[in-house]
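# Architecture at a glance
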Amino acid sequence: MAVSGASSWPTLPALPDPATRAVLGSGLLEELSYALGGPFHFLLPDAFDSNLRAMRSVLEGAGVDGFVYFAKKANKATVWSERCSANGAGVDVASAGELRDALGGGVPGEHLVVTGPAKDGALLRLAVRQGALVAVDALDELDAVLATGPAGTTRPARLLLRCLPPGQPHSRFGMNDAELDTTLDRCVRAGDAVRMEGFSFHLSGYAVQPRADLAGALLDRCLKARALGLAADRISIGGGLPVSYTDAESWYAFLAEQHSGHYHAGRSFTAGDFYPYHSPTAELGALRVLLGARPEGHRRSLAELLKGSGVTLLMEPGRALLDKAGATVFRIQGVKDRAGYQLLTVDGTSLSLSEQWFNSEYLPDPCLLSRAPDVPAGTYPACVGAATCLESDLLTWRKIPFPRRPRTGDLLVYPNTAGYQMDSNESSFHDLPLPPKVVIDHTERPRPRWRLDRRPH
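Residue numbers here run from 1 along each chain, matching the order of that chain's written sequence. Residue-level local features of this predicted model are given only where pLDDT is at least 70; pairs of side-chain atoms are given and counted only at 80 or more, and the full residue set underlies all totals for whole chains, interfaces and linings. Note that the side-chain values use all heavy atoms of the structure and ignore hydrogens as well as water.

## Regarding the environment of Val145
Helix and strand labels come from DSSP, where a helix needs a run of H or I of at least four residues and a strand needs a run of E of at least two; each type is numbered from the N terminus. Structurally, the position occupied by Val145 is in helix H7 (residues 139–147). Judged by its relative accessible area of 2%, Val145 falls in the buried class. A C-alpha to C-alpha distance of 31 Å links Val145 and Val64, two positions 81 residues apart in sequence. Exposed residues in this analysis have more than 50% of their type's maximum accessible area, buried residues have under 20%, and partly exposed residues fall in between, with area computed by a 1.4 Å probe over protein chains only.

See the structure below:
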């Protein structure tokens, strides 16, 4: 039975996305759910291409020489490496498996950057052999790079030196000033064995000014490194471009209204527990603000400083390139009535819908594809549990106010999940298969066609 008081149930609608809406209305998802026999993710590579073009357009509009690497950790599917290859973009990898997958997707070694702390010898040897750029994180890592030798090629090891962010002495990424000085001296003494191409940093969060300040500091370091005879012609600012999943009005209304009564078992969340699903300067807006910001100690904008120094800006976005590039589909396999709401159980686990901000959940409202569209409209609050024997395994603790009564066999489609949500915490717990990834192609066809992503699952 529908419940009254619809206004008491906060919602968080996803921003409109015509491509996803077309897939939902095509009938394809019902067929795929039947054919695959369980939950799955669908991917929209056209959105990735569009995001990449827009990002490059902002760089070009600012007159900045830049290069974009896709942060592969954000999604494991091979199709993204294929799109990077087709569009001349790079891939940011942190393991030998990611590096091999990128190469297999057609990305040349010169378009790879290897990040991550304390890289093992096998990864470093493969990176040097393929001509990848390596972000050196520590003195002993530089020693390990030098120990790889020429690896059957005369090309030098290409390096970025990662700097410890000021004011973050407890960060486990990067080198302090004394370590950087020692590393620069070793690079000079290494001669033609290495090409020190610049500096990078790892900075958490989405604040623009600290990222601009640190980028300005890296530019200063490049000039000093050039005085030592090193190339030092590029800096990497990592990712850090926020994505807006919903509009401002919906987001702030949700934060103001939500309380423990809106969640299964009275679970309580505070605003700080959630990913910021709306940002006033998201994606391209954040990039424009960053390029226009004046780094601390400088009178010119970051874009002007980059142009004046002849330094190339490297970026490693993940979530921002995957905005609206996919969704996650579950089938409801059980419904229980509770006091004032329903408890749904779907054919998968919460580990296939991870939220990287821990102690949280993925908030944008899922879409209900009902097999009984004649069910009377109303307000039917329901939370969503997983098909495991764990009390805490819920995909959505929140009681979502569905416009129709969910029924066994209906599909739930969680929107815009390609960026980190699909597989960063995936597990085959209970011997449940990992949800496959389906690549959707809309090109000049009245109905979308599909293929499985070729990455083995």
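## Remarks on helix H11 (residues 284–292)
If you check which residues of H11 are buried, you get Ala286, Leu287, Leu290 and Leu291. Buried residues in H11, looked at end-on, bunch into an arc of 130°, giving them a common side. Should any heavy atoms of two residues lie within 4.5 Å, those residues are considered in contact. Residues of H11 that are buried make contact with helix H3 (45–61), helix H9 (208–227), helix H12 (302–309) and strand E9 (312–315). Arc definition: directions from the helix axis to the C-beta atoms.

## Structural notes on the pattern of salt bridges
Side chains carrying opposite charge are able to pair once their charged atoms draw close together. Salt bridges are defined by distance alone: a side-chain nitrogen of Lys or Arg within 4 Å of a carboxyl oxygen of Asp or Glu. Counted according to the given criterion, the structure contains 24 salt bridges. A salt bridge links Asp49 to Arg83; the nearest nitrogen and oxygen atoms lie 2.8 Å apart. Taken together, the residues Asp49 in helix H3 and Arg83 in helix H4 (residues 78–87) connect sequence positions 34 residues apart. Between Asp233 and Arg234 there is a salt bridge, with the nearest N and O atoms lying 3.1 Å from each other. The pair formed by Asp233 and Arg234 is uniform in burial state, with each residue classed as buried.

## Quick notes on the environment of Lys437
Inspection of the secondary structure assignment puts Lys437 in strand E16 (residues 437–441). The sequence separation of Lys437 and Ser424 amounts to 13 residues, and the corresponding C-alpha distance is 14 Å. A distance of 2.6 Å separates polar atoms of two side chains, one belonging to Lys437 and the other to Asp423. N or O atoms closer than or at 3.5 Å make up a polar contact, with two conditions inside protein: a donor-capable atom paired with an acceptor-capable one, and, for residues adjacent in sequence, both atoms drawn from side chains.

## Thoughts on the environment of Val188
Counting through the fold element by element, Val188 comes out in helix H8 (residues 177–190). Residue Val188 is classed as partly exposed on the basis of its relative accessible area, which comes to 36%. Placed 218 residues apart in sequence, Val188 and Pro406 show a C-alpha to C-alpha distance of 66 Å. Sequence-distant contacts of Val188, that is, excluding residues within four places in its chain, are made with Leu228 and Leu230.

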